[in-house]
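If you want the building blocks of each chain, they are given just below.
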Amino acid sequence: MRLVIQRVLKASVQVGAETVGQCKRGYMVLVAVTHEDTQKDVAYCVEKTAGLRIFEDEEEKMNLSIRDIGGEILAVSQFTLYADTRKGKRPSFVRSARPDYAEKLYEEYVEGLRQSGIHVETGRFGATMQVELINDGPVTILIDSSKLF
């Protein structure tokens, strides 16, 4: 499972003219699932996302988590995070999970965050979406449950 976490002042996602998800201060999280992922990967990513300390404390050090600040999350599925561009000019997506499996684990990730007490809104799985955000910092963190980086 692969995540791109961006610390945001606000974010929203539209499908056509409809806003389907939004958040205030917190994270905009792009989520990708590979066919090798299991519930263990989901649990790892939920724990990392909820516990990540990238908000400043009173001494302006990144020491607070999203729960500490009462932040919100906008989670958007993004299979292209598993694009392989090492050969040629056209990305290969063979590492991305099939949609039915990816959606199941994506939903488990979202539910895990909600169960940890975080307000989470989402995009629409499989839809063409337009995402807007104001990155705060900017701060962008990459997480890979296989610990490749």
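What this report covers is the structure whose coordinates are included nearby. All values derive from a computational prediction rather than experimental measurement.

### Overview of the pairing of strand 7 (residues 119-122)
Across a regular strand the side chains alternate sides, sitting on one face of the sheet and then on the other. Judged by which residues are buried, strand 7 turns out to be one-sided: Val 120 and Thr 122 face inward and are buried, whereas His 119 and Glu 121, on the alternate face, are not. Alignment of strand 6 (residues 72-77) against strand 7, held across 4 bridges, turns out to be parallel. Note that in strand 7 the partner of Leu 74 across the bridge is Glu 121.

### Looking at the packing of aromatic side chains
Aromatic ring pairs are described here by two measures, namely the spacing of the ring centres and the angle between the planes. Tallied over the entire structure, the rule returns 3 aromatic pairs. Ring centres of Tyr 27 and Phe 55 lie 5.5 Å apart, and the angle between their planes is 15 degrees; on these two criteria the pair is classed as stacked. Placement of Tyr 27 in strand 3 (residues 26-32) and of Phe 55 in strand 4 (residues 53-56) is noted, with a sequence separation of 28 residues between them. With centroids separated by 5.8 Å and ring planes inclined at 45 degrees, the aromatic side chains of Tyr 106 and Phe 125 adopt a geometry described as tilted. One end of the pair, Tyr 106, is in helix 3 (residues 99-115); the other, Phe 125, is in the loop between strand 7 and strand 8 (130-144), and 19 residues separate them in sequence.

### Quick notes on unusual backbone geometry
For the peptide bond that leads from Gly 137 to Pro 138, omega is -5 degrees, which places it in the cis range. Turning to its location among the elements, Pro 138 is positioned in strand 8. The backbone of Glu 60 shows a phi angle near 60 degrees, a positive value even though the residue is not glycine. Following the sequence through the fold, Glu 60 ends up in the loop between strand 4 and strand 5 (62-65). The phi dihedral of Lys 147 falls on the positive side, at around 60 degrees, and the residue is not glycine. Along the chain, Lys 147 falls in the segment after strand 8. Using a relative accessible area of 57% as the deciding quantity, one classes Lys 147 as exposed.

### What to know about helix 3
Over its 17 residues, helix 3 runs 24 Å from end to end, which matches the ideal 24 Å to within 8%, given 1.5 Å per residue. Inspection of helix 3 places Ala 102, Leu 105, Tyr 106, Tyr 109, Val 110, Gly 112 and Leu 113 among the buried residues, and these make up the whole buried set. Across the axial projection of helix 3, the buried residues extend over an arc of 160 degrees, all falling on one side. Structural note: helix 3 exposes Asp 100 and Gln 115 on the side pointing more than 90 degrees away from its buried face. Taken together, the buried residues of helix 3 touch strand 1 (2-15), strand 3, helix 1 (39-51), strand 6 and strand 7. Among the residues trailing helix 3, Gly 117 stands out with phi positive, at a value near 95 degrees.

Thresholds applied
Residues numbered from 1 in each chain as written. Predicted model: local features only at pLDDT ≥ 70, side-chain atom pairs only at ≥ 80, totals over all residues. Heavy atoms only, no water. Buried < 20%, exposed > 50% of the residue type's maximum accessible area, 1.4 Å probe, protein only. Helix = DSSP H or I, 4+ residues; strand = E, 2+ residues; numbered from the N terminus. Pairing = 2+ DSSP bridges. Phe/Tyr/Trp six-rings, centres within 6.5 Å; stacked < 30°, edge-to-face > 60°. Expected span 1.5 Å × (residues − 1). Arc of directions from axis to C-beta. Contact = heavy atoms within 4.5 Å.

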